[in-house]
Amino acid sequence: MKDDETLQALFPKAQDDDFSPSMAERAQPLYLVVKKQIFEAIMMGKWPAGTVLPSEVELARMLRVSVGTIRRALSELTNEGMLSRRRKTGTVVTGRTPQHSLRFFFQYFRLHGLDGSLQHSQARNLSLEFGEATDIESENLRVVPAAPVIRLSRVRSAHDRPVMIETVTMPSEKLADFPRNAEDVPALLFLYLLEHYDIRISAVREKIAAELANEDDLAYLELEAPSAVLTIEEVAYDQTGTPMLFTKHRATTRNHRYINELQ
C-alpha cells in the first residue's frame, strides 16, 4: 500500500499540475479537505477494513500538504472510529462507519420538527424521464439549450407524512448507464454519483421563496387549498465547480422547518 502507484490510484487529482480545491473546499481548513479525501477512499472501498495506511510522511508528500495537516485529519478519523492506531503496525482501517458518515456528504441539509428535533426523511421516486433541458434547466446546469437531461421526480416523507416534492435534473451526457427505471434510482443521489461516477458534490447554492400550493402540491403533500409551500431552487456543484444537479423542492412547513446549516 505504500508505493506511488497505489497512492496515485487513490488520489489521482493530487497528481495534476493544475489541481486546485473546489470552491467549497477553499472555504474549509485544509485538514478537513484531506480528511474528506481519506474518508471517501475508505467509503468507496479503495481502503478496505484491515488496510494499513501509508505513513504520515508518505501521505503528506502525496497530497502536497504538511505532516501536521495529515496528522490532524487522521486523528479526527481515528476519534470517529474509522481508523485505529496500532503500535508497531501503524494506522489501520477499522471497517466501522461513523453514525454521521452520510452527513459528511450532506451536512448542509436539515429537516427539523416544530420542537427542534432532527427529522430523518425517506425519498420515494415518482417518475424518471430522459428528455431535453428547459431554458431554466439549461441556465442552471450550464448546458446548451435542449441538451439531453435526466429528470427525476420524487416525494420525501418524514414519520410517514409527506413533507417535500422534488424534481432533480441532471446532464445525461455525464451519467452513462444511469438507471432507466425510477424504482432503480437510489435514494442517496450524492453518494451514488460518488460511487459510480467519481463525482463528489462539494457545494450547493439555493434560492428560497414561498408560493401558493398548486394541484400537485395539494395531492402529494396532502394539503388543503389554500395552502402555502416553501420553494427551493438548488444547484449542486461537483469538485471542479461544475453544476451537476438542478433541483426544485416544494415543501410544506406545516409540521417541519427546513434549516440550512453549514459546519
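Counting of residues starts from 1 at the beginning of each chain's written sequence and follows it residue by residue. Reporting in this predicted model follows two pLDDT cut-offs: at least 70 for local features of residues, and 80 or more for side-chain atom pairs to be given and counted; totals over whole chains, interfaces and linings ignore these cut-offs and use all residues. With hydrogens and water stripped out, all remaining heavy atoms of the structure feed into the side-chain values.

A.B. asks: Hey, could you run me through the packing of aromatic side chains in this one?
C.D. replies: Two aromatic rings, taken as a pair, are described by how far apart their centres are and by the angle between their planes. For Phe, Tyr and Trp, where Trp contributes only its six-membered ring, two rings pair if their centres lie within 6.5 Å, and the inter-plane angle classes them as stacked under 30 degrees, edge-to-face over 60, or tilted in between. Taken as a whole and judged by the stated rule, the model has two aromatic pairs. A centroid spacing of 5.9 Å and a plane angle of 90° characterise the contact between Phe178 and Tyr192, whose relative ring orientation is edge-to-face. You can see Phe178 sitting in the loop between strand S6 (161–171) and helix H8 (189–197) and its partner Tyr192 sitting in helix H8, a full 14 residues away along the chain. For Tyr192, a relative accessible area of 11% puts it in the buried group. With a centroid separation of 6.0 Å and 70° between ring planes, the pair formed by Tyr192 and Tyr197 is classed as edge-to-face. Secondary structure elements follow DSSP: runs of H or I of four or more residues count as helices, runs of E of two or more count as strands, with numbering from the N terminus. Note on classification: 1.4 Å probe, protein chains only; a residue is buried when its accessible area is under 20% of the maximum for its type, exposed when over 50%, partly exposed between these limits.

A.B. asks: Just to check I follow, could you spell out the sheet that holds S6 for this structure?
C.D. replies: Strand pairing in a sheet takes place through backbone hydrogen bonds and is either antiparallel or parallel in direction. What the six strands build is an open sheet, ordered S4-S5-S6-S9-S8-S7; its pairing is antiparallel. Two strands lie at the open edges of the sheet, namely strand S4 (121–132) and strand S7 (203–212), each paired on one side alone. Sheet twist, expressed as the average angle between the axes of neighbouring strands with direction ignored, equals 15°. A pair of strands is considered paired only if DSSP assigns at least 2 bridges between the two. By the bridge criterion, six bridges tie S6 to strand S9 (residues 243–251) in an arrangement that is antiparallel. The residue bridging Ile165 from the neighbouring strand is Arg250, located in S9. Fitted lines through C-alpha atoms serve as axes, helices being fitted only where they are in contact, and the angles separating the N-to-C directions of these axes extend from 0 to 180 degrees.

A.B. asks: Sorry if this is basic, but what is going on with the environment of Leu188 here?
C.D. replies: Mapped onto the fold, Leu188 is located in the loop between S6 and H8. Along the primary structure Leu188 and Gln122 are separated by 66 residues, whereas in three dimensions their C-alpha atoms are 9.6 Å apart.

A.B. asks: Sorry, what's going on with unusual backbone geometry here?
C.D. replies: For residues that are not glycine, phi is negative in most cases, and the peptide bond is trans in most cases. At the junction of Ala225 and Pro226, the peptide bond is cis and its omega measures out at -5° in the coordinates. Relative to the helices and strands, Pro226 resides in the loop between helix H9 (215–220) and strand S8 (228–237). Positioned with a positive phi, Arg64 is a non-glycine residue whose angle comes to about 60°. Tracing the chain through its elements places Arg64 in the loop between helix H4 (56–63) and helix H5 (67–79). On the basis of relative accessibility, which here comes to 51%, the residue Arg64 falls in the exposed class. Despite not being glycine, His159 shows a phi value in the positive range, around 55°. Relative to the helices and strands, His159 is located in the loop between strand S5 (148–158) and S6. With a relative accessible area of 60%, His159 lands in the exposed category.

A.B. asks: For this particular structure, what's the right way to read H5?
C.D. replies: Along an α-helix, a turn takes 3.6 residues, which lines up residues three or four apart on a common side. Over its 13 residues, H5 extends 18 Å from the first C-alpha to the last, a length consistent with the 18 Å expected when each residue adds 1.5 Å. Among the residues making up H5, those that are buried are Thr69, Ile70, Ala73, Leu74 and Leu77. An end-on view of H5 places all buried positions within 125° of arc, on one side of the element. Packed against the buried residues of H5 are helix H3 (30–43), H4 and strand S1 (83–86). Given the number of residues in a helix, its expected span is that number minus one, multiplied by 1.5 Å. Note that the arc is computed from the directions linking the helix axis to the C-beta atoms. In what follows, a contact means two residues having at least one pair of non-hydrogen atoms within 4.5 Å.

Don't take any of this as a statement about function, it's just geometry.
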